[in-house]
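# Summary of the model geometry
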Amino acid sequence: MASSTRSPRKRIRARAAAPAVNGAAHRDGAAAPKETRYLFLNREISLLEFQRRVLQEASDPKTPLLERIKFLSIVGSNLDELFMVRVTGLKEQMAAGILEVGPDGMTPAEQLAEVRSRVASLMADCHRLLRDELIPALARHGVSVVAYAALEEAQRARANDYFREIVF
């Protein structure tokens with residue numbers, strides 16, 4: 001059976017069965033020597049560094065306000081995907097007992113710890129930007145961000161209709 005037709009769990013187990021030299025195995029099963037590990041980027045960490053650069057665009061006061069909000073929403077959307085796909089994959093590797101070190105020198109557990117640390121910092125910066133800069137800037141332009149519970153009954157009904165008809 002070709003590896004592309006295997007289930008993700010079977011592919012993970014197949015990779016776990018591949019021999020590893022110095023603890024680091026490539027996708028094809030060949031090992032990466034310890035001295036070359038610094039040449040490899042971890043894809044999850046690389047993605048988070050990209051999100052940090054997108055957040056920098058959202059933080060730039062020279063960027064138009066609605067564009068800044070779009071950049072911030074891109075960070076949120078991409079983090080959703082990171083957790084739904086990549087973090088889930090790392091957790092599945094851990095559940096399957098995969099302890100081997102990847103070409104970048106990190107085990108699945110080490111990758112998860114690093115992702116958690118970087119995401120916590122990134123999200124704190126996102127919340128700070130939204131709270132301290134973007135929401136006040138929107139208010140200066142007459143746009144208010146309010147909690148659903150603070151809406152009047154007619155406003156909640158309109159928001160519910162909009163959600164059902166347009167969003168959902």
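Quick note: structure is the one above.
These lines cover the structure that appears in this document, whether it is placed above or below.

About the thresholds
Residues numbered from 1 in each chain as written. Predicted model: local features only at pLDDT ≥ 70, side-chain atom pairs only at ≥ 80, totals over all residues. Heavy atoms only, no water. Helix = DSSP H or I, 4+ residues; strand = E, 2+ residues; numbered from the N terminus. Buried < 20%, exposed > 50% of the residue type's maximum accessible area, 1.4 Å probe, protein only. Contact = heavy atoms within 4.5 Å. Areas by Shrake-Rupley, 256 points an atom, 1.4 Å probe, with all protein chains shown as cover. Axes fitted to C-alpha atoms, helices over the stretch in contact; angles between N-to-C directions. Parallel < 35°, antiparallel > 145°, perpendicular 65-115°, else oblique. Nonpolar A, V, L, I, M, F, W, Y, C, P; charged D, E, K, R; others polar. Patch = residues over 30% accessible without salt bridge, like charges linked within 9 Å, V, L, I, M, F, W, Y side chains within 5 Å. Salt bridge = Lys/Arg side-chain N within 4 Å of Asp/Glu carboxyl O. Phe/Tyr/Trp six-rings, centres within 6.5 Å; stacked < 30°, edge-to-face > 60°.

### Looking at the overall build of the protein chain
A tally of helices and strands in the protein chain yields 5 helices and 0 strands. Starting at the N terminus, the α and β elements of the protein chain follow one another as α-α-α-α-α. The buried share of the protein chain, reckoned over its 168 residues, is 26%. In the protein chain, 59% of the contacts between residues at least 6 apart in sequence involve partners at least 24 apart. Carbon and sulfur atoms make up 57% of the accessible area of the protein chain, which totals about 11,500 Å².

### Topic: the packing of helix α2 (residues 43-59) against helix α4 (residues 108-140)
Contact geometry for α2 and α4: axes closest at 10 Å, N-to-C directions at 10°. Between α2 and α4, the angle is such that the two are roughly parallel. Contact residues: E44, I45, L48, E49, Q51, R52, L55, A58 and S59 in α2; Q111, E114, V115, R118, V119, S121, L122, D125, C126, L129 and E133 in α4. Considered class by class, the residues forming the contact of α2 with α4 number 9 nonpolar, 4 polar and 7 charged.

### Topic: a nonpolar patch on the surface
A surface patch of nonpolar side chains, about 620 Å² in accessible area, is lined by Y162, F163, I166, V167 and F168. Here Y162 is to be found in helix α5 (residues 153-167).

### Brief notes about the packing of aromatic side chains
Evaluated as defined, the whole model comprises 1 aromatic pair. Between F163 and F168, the aromatic rings sit 5.9 Å apart at their centres with planes inclined by 15°, giving stacked as the arrangement. On the basis of relative accessibility, which here comes to 44%, the residue F163 falls in the partly exposed class.

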